[in-house]
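So the chains spell out like this:
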There are 2 protein chains.
Amino acid sequence: MQIDVKTACEKLNAADNILILTHQRPDGDTLGAAFALLHVLIAAGKKARVSCHSGFPARYGFLCGGYAPDESFSPEFTVAVDVASLPLLCDDFEKHKGKIDMCIDHHKSNSMYAKFTLLDTDAAAACEIVYELIKGLGGKITTAVADAIFAGITTDTGCFKYSNVTARTHEIAADMIRFGANHAMINKIMFDTKSRGLLMVEQMILKNTKYYFDGRCAVIFLPSGLNERYQVLDDELDGISSFPARIAGVVAGVTIKASEDLSGKFRVSVRTASPVDASKICLSFGGGGHANAAGCTLAGTLEEVTEKLLAAIQKELESC
Amino acid sequence: MQIDVKTACEKLNAADNILILTHQRPDGDTLGAAFALLHVLIAAGKKARVSCHSGFPARYGFLCGGYAPDESFSPEFTVAVDVASLPLLCDDFEKHKGKIDMCIDHHKSNSMYAKFTLLDTDAAAACEIVYELIKGLGGKITTAVADAIFAGITTDTGCFKYSNVTARTHEIAADMIRFGANHAMINKIMFDTKSRGLLMVEQMILKNTKYYFDGRCAVIFLPSGLNERYQVLDDELDGISSFPARIAGVVAGVTIKASEDLSGKFRVSVRTASPVDASKICLSFGGGGHANAAGCTLAGTLEEVTEKLLAAIQKELESC
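Thresholds, definitions, all that
- Residues numbered from 1 in each chain as written.
- Chains lettered and ligands numbered in written order.
- Predicted model: local features only at pLDDT ≥ 70, side-chain atom pairs only at ≥ 80, totals over all residues.
- Heavy atoms only, no water.
- Least-squares fit on C-alpha atoms with pLDDT ≥ 70 in both.
- Contact = heavy atoms within 4.5 Å.
- Buried area = accessible area lost by both parts, 1.4 Å probe.
- Salt bridge = Lys/Arg side-chain N within 4 Å of Asp/Glu carboxyl O.
- Polar contact = N/O pair within 3.5 Å; in protein donor to acceptor, adjacent residues only side chain to side chain.
- Helix = DSSP H or I, 4+ residues; strand = E, 2+ residues; numbered from the N terminus.
- 1 Å grid on protein atoms, 1.4 Å probe; cavity = no way out; pocket = protein on both sides within 12 Å on 5 of 7 lines; lining within 4 Å.
- Points joined across faces, edges and corners; volume = space filled by probe spheres on them.
- Pairing = 2+ DSSP bridges.
- Expected span 1.5 Å × (residues − 1).
- Buried < 20%, exposed > 50% of the residue type's maximum accessible area, 1.4 Å probe, protein only.
- Axes fitted to C-alpha atoms, helices over the stretch in contact; angles between N-to-C directions.
- Phe/Tyr/Trp six-rings, centres within 6.5 Å; stacked < 30°, edge-to-face > 60°.
- Lys NZ or Arg CZ within 6 Å of the ring centre and 35° of its normal.

**So, the relation of the copies chain B and chain A**
(1) Moving on: Between chain B and chain A, which share one sequence, the superposing operator has a rotation angle of 180° and an axial displacement of 0.0 Å; the RMSD is 0.1 Å. Interpreted geometrically, this transformation is the action of a two-fold axis.
(2) Moving on: Most of the interface of chain B is mirrored in chain A: 100% of its interface residues are interface residues there too.

**A few points about the interface of chain B and chain A**
(1) Moving on: Across the contact, 38 residues belong to chain B and 38 residues belong to chain A.
(2) Moving on: Of the roughly 3300 Å² buried where chain B meets chain A, counting both sides, 62% is carbon and sulfur surface.
(3) Moving on: Among the residues chain B hides against chain A, the three largest losses belong to Lys-161, His-170 and Arg-196 of chain B. Together they make up 18% of the total.
(4) Moving on: The closest approach of N and O atoms between Lys-161 of chain B and Asp-192 of chain A, which form a salt bridge, is 3.6 Å.
(5) Moving on: Run the count over chain B and chain A and you get 15 residue pairs in polar contact (both at pLDDT 80 or more).
(6) Moving on: In terms of residue count, the dominant contributor to the side of chain B that touches chain A is helix 6 (residues 167–178) of chain B (eight residues).

**Here's the deal with the layout of surface pockets**
Residue and element names in this part refer to chain B.
(1) Moving on: Space inside the second largest pocket adds up to approximately 260 Å³.
(2) Moving on: Lining the second largest pocket are 14 residues, with Asn-208, Lys-210, Ile-220, Phe-221 and Leu-302 positioned closest to its centre.
(3) Moving on: For the lining of the second largest pocket, the secondary-structure elements that each account for two or more residues are helix 8 (196–208), strand 6 (210–212), strand 7 (217–222) and helix 12 (302–319).
(4) Moving on: No other element matches helix 12, which puts four residues into the lining of the second largest pocket.

**Side note on the side chain of Glu-316 of chain A**
(1) Moving on: Looking at the secondary structure, you find Glu-316 of chain A in helix 12 (residues 302–319).
(2) Moving on: Residue contacts for Glu-316 of chain A: discarding those within four places in its chain leaves Pro-275, Val-276, Asp-277, Lys-280 and Ile-281 of chain A.

**Some details on the pairing of strand 9 (residues 265–272) of chain B**
(1) Moving on: With seven bridges joining them, strand 8 (residues 252–258) of chain B and strand 9 of chain B adopt antiparallel strand pairing. Looking at the pairing, Lys-257 of chain B lines up with Arg-267 of chain B of strand 9 of chain B.

**A short note on helix 4 (residues 126–137) of chain A**
All names here are of chain A.
(1) Moving on: With 12 residues, helix 4 should cover 16 Å at 1.5 Å per step; its first-to-last C-alpha distance of 16 Å lies within 8% of that length.
(2) Moving on: Taken across its 12 residues, helix 4 has nine buried, putting it largely inside the fold.
(3) Moving on: Along helix 4, the residues that are buried comprise Ala-126, Cys-127, Glu-128, Ile-129, Val-130, Tyr-131, Leu-133, Ile-134 and Leu-137.
(4) Moving on: Note on helix 4: the residue one or two positions beyond its end, Gly-138, has a positive phi of about 70°.

**Quick word on the sheet that holds strand 2 (residues 48–51) of chain B**
Residues and elements named next belong to chain B.
(1) Moving on: Across the sheet, which stays open at both edges, the five strands sit in the order 2-1-3-4-5 with parallel pairing between neighbours. Single-partner strands in this sheet number two, and they are strand 2 and strand 5 (116–119). Here the average twist between neighbouring strands, direction ignored, is 20°.
(2) Moving on: Here strand 4 (residues 102–105) runs beside strand 5; their pairing, made up of four bridges, is parallel. Within strand 5, the residue paired with Cys-103 across the bridge is Thr-117.
(3) Moving on: Across the sheet, helix 4 (residues 126–137) lies against strand 4 and strand 5, angled at about 120° from strand 4, the strand it touches most.

**A look at the pairing of strand 3 (residues 77–81) of chain A**
All names here are of chain A.
(1) Moving on: Where burial is concerned, most of strand 3 is hidden: five out of the five residues are buried.
(2) Moving on: Side-chain alternation along strand 3 places Phe-77, Val-79 and Val-81 on one buried face and Thr-78 and Ala-80 on a second face that is also buried.
(3) Moving on: As paired elements, strand 1 (residues 18–21) and strand 3 share four bridges and run parallel to each other. In the strand pairing of strand 3, Leu-21 is matched with Ala-80.
(4) Moving on: Inspection of the sheet shows strand 3 paired to strand 4 (residues 102–105) by three bridges, in the parallel sense. Looking across to strand 4, one finds that Ala-80 is bridged to Cys-103.

**Some remarks on the packing of aromatic side chains**
(1) Moving on: Here the structure, examined in full by the defined rule, presents 15 aromatic pairs over all chains.
(2) Moving on: Where Phe-221 of chain A meets Phe-266 of chain A, the ring centres are 6.2 Å apart and the plane angle is 65°; that geometry is what we call edge-to-face. Separated by 45 residues along the polypeptide, Phe-221 of chain A in strand 7 (residues 217–222) and Phe-266 of chain A in strand 9 (residues 265–272) bring together distant segments of the chain.
(3) Moving on: By relative accessible area, which is 10% here, Phe-266 of chain A ends up buried.
(4) Moving on: Feature note: the residues Phe-150 and Phe-160 of chain A together with Phe-150 and Phe-160 of chain B constitute an aromatic cluster, connected by ring pairs.
(5) Moving on: The ring of Phe-116 of chain B has Lys-11 of chain B lying over it, and the distance from NZ or CZ to the ring centre is 4.1 Å.

Put into structure tokens, the structure is as follows:
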């Protein structure tokens, strides 16, 4: 059942011993939303705890460093933040079925798995919704809360770069800076720090980028085992998919990734510049996504997979 | 003589045939400020013209593409925007001495060369000041004006990433988005597009980055002739200086650039993470700058220059 901010506030006010769940492989938005809410609930005299199935990554130490959850805590009300569907929580997600009381989310793809869902698909980040919730709760925006909200917003907007940014996004950022958010430090950690391992991966990719259709399409290939060979985290490698589409003149950027868990198959990510439609390209292989970013899985040798993709891309380029 | 926004508005209201000058090798802030002001002055029924000594770069086509200045225009009042000192206007700057009526700027280093200077060193961009000026003039913020102001702000803040960003910066960005600024397109052009030439330069740099002091210092070297060899613009190469300081663990990032116009000398750029002081390192070689970004010029062979720099950096690292 969908609820509005006012109802969500009433339910949180009435609850105690609140367990806040983030999605697996957490990013700044799910963590920011969880910790902002945690601080406000605790300040309101409630017991609350944040839990992430796959733990808290070191780079988010500024958000959750030193966080020691109360082990005696016994949850009575469970809130999932920035979690579009149960499988995103953890691999053995079946145990959560019917047990999530509230979901706070901004994904169009939300599967409505929670008893009550506060969904705003116009919000660039779940943290934009948590900000409204905190205002509704009359919660105090401490520096820690401001840092958490800011981290979520900057994460999900690529540091205010993406088209999901609205005037409201900037207004909330302004407010968080007024409340003391360490915006420059957070942006530096999130967007201006690269590990030496990632730099080596980038170097390898730069050397092997292939161009097609007069430079309108660029294709990169990520072999398996990069994490071990270069000591890079999945988290860091994720950003690589946006790499080929950034090259000047490229309107279709393709990343082909050897998949360790899908032997003999490749995970493909396609990023496009309008009017080239990434979802059309991926749909023809049973995948899907948005107009400018989509994905699919393909079987075959690397040569076969590349050939199939290029044929689909050529068709799409010709139709534009 | 320093003036406030109100006085600046009075002077612009009283003037006509207004020549707006940007600095050489223009960036999004000087161009954004100039074109925002141009549109508002023309809408107010005045004659006005923007001029940049070194022309308008192609990448700013969204701001000045198709701009055809009236050749019969005869300037009566000259305004320099985002120009901290006369030599930044052009090489033969002597001709402008005493002839700039108004300067609108945000640089601490402004040399007060204009008759009237509207200076706000707390503004992240000159466009923040132009925004206040337009409000004072009662000018209409059309989409073109919103694009120009947004472009200036996003340029000078590295897409809202740097520490010069304030709550006001985000509030003005919110306002510009409300007035129709094509924020995602502008950010894509400014921050998400790399030429294939620049990618080749980056590949070369990645391969040759040298690390010192347990990875706390990274040094890159830019040989001369990169522009011709890789077909890259100065504008694109400028961003390279921030490259070494972005590497995880690096607190002092150094770029040594062979200088074509200073034969046998090297231009050095130093970027640091606090508390390491870049200006202290550069001051010892007669250079200067800010605590986190400074520069100097050094003579000698590349080996000698590197050795001198490393000695100064070691001293600074040990004192922190």
